[in-house]
Amino acid sequence: TPPEQIRNFCIIAHIDHGKSTLADRMLSITGIVSDREMRAQYLDRMDIERERGITIKSQAVRMPWSDGAGQTYALNMIDTPGHVDFTYEVSRSLAACEGAVLLVDAAQGIEAQTLANLYLALENDLTIIPVLNKIDLPAADPDKYAAEIANLIGGKPEDVLRVSGKTGMGVEELLDRIVERIPAPQGDADAPARAMIFDSVYDSYRGVVTYVRMIDGRLEPRERIQMMSTRATHDALEIGVSSPEPTPTKGLSVGEVGYLITGVKDVRLSKVGDTVTNQRRPATKALAGYVDPKPMVFSGVYPIDGSDYPELREALDKLKLSDASLQYEPETSVALGFGFRCGFLGLLHLEIVTERLSREFGLDLITTAPSVTYEVTTDNNQHVTVTNPSEYPDGRVATVSEPIVKVGILLPKDYVGTVMELCQSRRGTLLGMEYLSEDRVELRYTMPLGEIVFDFFDHLKSRTQGYASLDYEPAGQQEADLVKVDILLQGEKVDAFSSIVHRDKAYAYGTLMTERLRKLIPRQQFEVPIQAAIGARIIARETIRAIRKDVLAKCYGGDISRKRKLLEKQKEGKKRMKMVGRVEVPQEAFIAALSGD
Ligand code: GTP
């Protein structure tokens, strides 16, 4: 297809504003998926995506559409993940498009993620087509939200299209408008090939499927292609387009969007953001800078049954094939045994990975409280990066800095007071406050990421009855008065409970954990002190009183086989016990304390 007849666009929307439903509707209206084949959320392929109704991995699909004059166009719709954790993937998908449909729920208005993605789209110079969705809903208030959108992006409220992905109302007009308003792609057809990778997914049958947008030149099957960041070369076994099933083609030219299959088995060899060129006639300059997405949140992941450790390792190795941003390395813990320290892009990413581990690999896991990356300078001027609190160089710390994020929160104005209070209590600094409309406000803060990974979102939701939405982006590191709080059982540190917190919050953390553990750990034959400490200084203490538990006392004079049975039973009970010094702790107690039950 010549570039003049191509339109590349994506849909940016907040979670649940109906992106998948609209995408499905476009597939059926353009006729590439028949009603019979249509199943809800055709594009969300992973089961877990469908169940949670969220889009994790972006996909591209090509649809034909004719304008009033009978000219046929190829519309490439690039599906973008909506969540903050995947901002890098969103920004790459946006860079593959000339335009974006800004989709807003007509009963909810703009949300924080819509805003964050809109800013990204504007930075990429995309043409924005504003659309209100779900106008079939009785609660829809399109006039109000059209004004809100016009106020935000300029233009007239009348220019905001009104559609319903559910009933199909307005969707044909939207397709017409995409053809009309979004510019055709431009590129140099005679230049050496340059294609941008905007997604890379692992398919257990075909290996890695790489989604690309051709910028210049042409790529054809059976050529040798080259990844510009690593210079690695592969054979292009198959090149094609998804419409929506993969369909091999004779190649991809300027402006086209499609997929490449090279037979590689590891997504790390085909990285999002990289430029693909032709080995025979390579391009000299890669497309806009490729960055390796950095994990922001770390957590220890342990099998509940220690003998599952090899399976956990295998499962992580397999997941890594399809998720290049997942990082992990072996770690051991006194309390939890053998496991892995894993790095994630954010909290949702952590949740998705642990859920996949348990669902797809049948593993029972426990994860330690999420931590962020601390940069420490020690008193002898050494630099240490700490992602596991138990490795904090206690007593030798000269300075420590923590990651800071810029937070955007959108909420109805009635909740401003309670949310500001929450942000203040999480060490937030107010940057600004703006009214999007009469009753909706955007609050902007800088806040330590460490305060957000610790159940901030839950508190935000409960304080606003679910009406607030949140988005954040990294804003560097900042020095802070942080300390490590250790939890000790009879003088022995329990590593899984060490935490790095602000000095003002150390006491609260110490009290919380010691109280929790006192309730969870059964009494022993001796008294067990549970203490919280900063270095050598004890800041909180609880005590578990001693008992004498003599199982044999009960069968005094009884027969010997019964005694043996009881002894065996006691031994079995002990298998699930972890020893911390002389103290026996049922693993359930650790798990319950970590999960806050
Ligand atoms: P993510 O993939 O998580 O970003 O969500 P999404 O934006 O793709 O939302 P999805 O299409 O899954 O729709 C969310 C909910 O809104 C679902 O329950 C849909 O049935 C419903 N929905 C979507 N479009 C419409 C619409 O036009 N009208 C009505 N009444 N409901 C809709």
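This structure is a prediction, so every number in the text was calculated from the model and none was measured. (Residues numbered from 1 in each chain as written. Predicted model: local features only at pLDDT ≥ 70, side-chain atom pairs only at ≥ 80, totals over all residues. Heavy atoms only, no water.)

1. Here we look at the side chain of Thr373
Relative to the elements of secondary structure, Thr373 occurs in the loop between strand E18 (365-367) and strand E19 (374-378). Ignoring anything within four residues of it in the chain, the contact list for Thr373 reads Met296, Phe298, Thr385, Val386, Thr387, Ser401, Glu402, Pro403 and Gln477. (Helix = DSSP H or I, 4+ residues; strand = E, 2+ residues; numbered from the N terminus. Contact = heavy atoms within 4.5 Å.)

2. Notes on helix H12 (residues 503-520)
For H12, which comprises 18 residues, the first-to-last C-alpha distance of 26 Å matches the rise-based estimate of 26 Å (1.5 Å per residue) to within 8%. Within H12 the residues assigned to the buried category are Ala506, Tyr509, Gly510, Met513, Thr514 and Leu517. Buried positions in H12, seen along its axis, are confined to an arc of 120° and lie on one side of it. Away from its buried face by more than 90 degrees, H12 exposes Asp504, Tyr507 and Lys519. (Expected span 1.5 Å × (residues − 1). Buried < 20%, exposed > 50% of the residue type's maximum accessible area, 1.4 Å probe, protein only. Arc of directions from axis to C-beta.)

3. Here we look at the UniProt feature "binding site: GTP" (unreviewed entry) in the chain
The sites that UniProt annotates as "binding site: GTP" (unreviewed entry) are Asp16, His17, Gly18, Lys19, Ser20, Thr21, Asn133, Lys134, Ile135 and Asp136. Relative to the helices and strands, Ser20 is located in helix H1 (residues 19-29). By the secondary structure assignment, Asn133 is in strand E5 (residues 127-133). With residues up to four places along the chain from it excluded, the contact list for Asn133 reads His17, Gly18, Leu103, Val104, Asp105, Ala106, Val163, Ser164 and Gly165. (UniProt positions renumbered as here; feature names shortened; annotations may be inferred.)

4. With respect to the pairing of strand E2 (residues 60-66)
Judged by how many residues are buried, E2 sits mostly within the fold: five of seven residues are covered. In the sheet, E2 pairs with strand E3 (residues 72-78) via seven bridges, with the strands oriented antiparallel. The residue of E3 that forms the bridge with Arg62 is Asn76. Counting the residues between successive antiparallel strands, the hairpin from E2 to E3 contains five residues, one of them, Gly70, with a positive phi of roughly 85°. (Pairing = 2+ DSSP bridges.)

5. Some details on the environment of Ile452
Within the secondary structure layout, Ile452 lies in helix H10 (residues 449-453). With 435 residues separating them along the chain, Ile452 and His17 place their C-alpha atoms 24 Å apart. For Ile452, the residues in contact, after removing those within four places along its chain, are Leu347, Val405, Val407, Met447 and Tyr472.

6. A closer look at the pattern of salt bridges
Per the counting criterion, the structure on display carries 24 salt bridges. In this structure, Glu148 engages Arg440 in a salt bridge whose closest nitrogen and oxygen atoms are separated by 3.0 Å. Of this pair, Glu148 sits in helix H5 (residues 142-153) while Arg440 sits in strand E23 (residues 440-448), placing them 292 residues apart in sequence. A single burial state applies to Glu148 and to Arg440, both of which are buried. Among the salt bridges present, the one from Glu542 reaches Arg518, with a minimum N-O distance of 2.5 Å. Within this pair, whereas Glu542 is found in strand E29 (residues 537-544), its partner Arg518 is found in helix H12, the two being separated by 24 residues in sequence. (Salt bridge = Lys/Arg side-chain N within 4 Å of Asp/Glu carboxyl O.)

7. Overview of the environment of Arg444
Positionally, Arg444 belongs in strand E23. Relative accessible area serves as the criterion here: at 29%, Arg444 is assigned to the partly exposed category. Counting along the chain gives 153 residues from Arg444 to Val291, while the straight-line C-alpha distance between them is 26 Å. When sequence neighbours within four positions are dropped, the list of residues in contact with Arg444 reads Val407, Gly408, Thr429, Leu430, Leu431, Gly432, Met433 and Glu434. A distance of 2.6 Å separates polar atoms of two side chains, one belonging to Arg444 and the other to Glu434. (Polar contact = N/O pair within 3.5 Å; in protein donor to acceptor, adjacent residues only side chain to side chain.)

8. As for the sheet that holds strand E11 (residues 238-242)
Reading across the sheet, the eight strands line up as E10-E9-E14-E7-E8-E13-E11-E12 and stay open at both edges, with antiparallel pairing between neighbours. Two strands bound the open sheet, and with one partner strand each, they are strand E10 (233-235) and strand E12 (246-248). The mean inter-strand angle of the sheet, taken between neighbouring strand axes irrespective of direction, is 40°. Inspection of the sheet shows E11 paired to strand E13 (residues 257-261) by three bridges, in the antiparallel sense. Within E13, the position partnered with Ile239 by the bridge is Leu260. (Axes fitted to C-alpha atoms, helices over the stretch in contact; angles between N-to-C directions.)

9. Considerations on the environment of Arg516
Relative to the helices and strands, Arg516 is located in helix H12. Given a relative accessible area of 22%, Arg516 falls into the partly exposed group. Each C-alpha atom, one on Arg516 and one on Ala592, is 8.9 Å from the other, the two residues being 76 residues apart in sequence.

10. A word on the sheet that holds strand E6 (residues 161-162)
If you trace the six strands from one edge of the open sheet to the other, you get E2-E3-E1-E4-E5-E6, paired in mixed fashion. The open sheet has two free edges, formed respectively by E2 and E6, since each of these has just one partner strand. Taken together, the two bridges between E5 and E6 define a ladder with parallel strand orientation. Following the sheet pairing, Leu132 is matched in E6 by Arg162.

11. Considering empty space enclosed by the protein
Evaluated as defined, the whole model comprises two cavities of 30 Å³ or more. Forming the walls of the second largest cavity are Ala60, Val61, Arg62, Asn76, Tyr211, Val241, Ser242, Val257 and Gly258. At the level of elements, E2, E11 and E13 are the ones that each hand at least two residues to the lining of the second largest cavity. It is E2 that contributes the most residues to the lining of the second largest cavity, three residues altogether. Partitioned by chemical class, the residues of the lining of the second largest cavity number five nonpolar, three polar and one charged. (1 Å grid on protein atoms, 1.4 Å probe; cavity = no way out; pocket = protein on both sides within 12 Å on 5 of 7 lines; lining within 4 Å. Points joined across faces, edges and corners; volume = space filled by probe spheres on them. Nonpolar A, V, L, I, M, F, W, Y, C, P; charged D, E, K, R; others polar.)

12. Notes on the nonpolar core
Ranked by internal contacts, the top residues of the largest apolar core, which has 46 residues, are Leu357, Val407, Ile409 and Phe456. Every residue in contact with Ile409, bar those within four places of it in the chain, is listed here: Val419, Cys423, Val441, Glu442, Leu443, Phe456, Leu460, Ala468, Ser469 and Leu470. Grouped together as the second largest cluster of nonpolar side chains are 38 residues, Cys97, Val104, Ala121 and Ala140 included. (Core = buried A, V, L, I, M, F, W, Y, C linked by side-chain atoms within 4.5 Å.)

13. Observations concerning the side chain of Glu256
Residue position: Glu256 is located in the loop between E12 and E13. In this structure Glu256 comes out as buried when scored by relative accessible area, which is 5%. With residues up to four places along the chain from it excluded, the contact list for Glu256 reads Thr1, Ile6, Arg62, Val212, Arg213, Met214 and Gly251.

14. Focus on the packing of H1 against helix H6 (residues 171-181)
Relative to each other, H1 and H6 sit at 85°, their axes nearing to 10 Å. Viewed along their axes, H1 and H6 adopt a mutual orientation that is roughly perpendicular. Seen from H1, the contacting residues are Leu22, Arg25, Met26 and Ile29; seen from H6, they are Val171, Glu172, Leu174, Leu175 and Ile178. Grouping the constituent residues of the contact of H1 with H6 by class yields seven nonpolar, no polar and two charged. (Parallel < 35°, antiparallel > 145°, perpendicular 65-115°, else oblique.)

15. Some details on a negative patch on the surface
A surface patch of negative charge is lined by Asp305, Glu311, Glu314, Asp317 and Asp364. Residue classification places Asp317 among the partly exposed residues on the basis of a relative accessible area of 36%. (Patch = residues over 30% accessible without salt bridge, like charges linked within 9 Å, V, L, I, M, F, W, Y side chains within 5 Å. Areas by Shrake-Rupley, 256 points an atom, 1.4 Å probe, with all protein chains shown as cover. Lys, Arg positive; Asp, Glu negative; His and termini not counted. Charge placed at Lys NZ, Arg CZ, Asp CG, Glu CD.)

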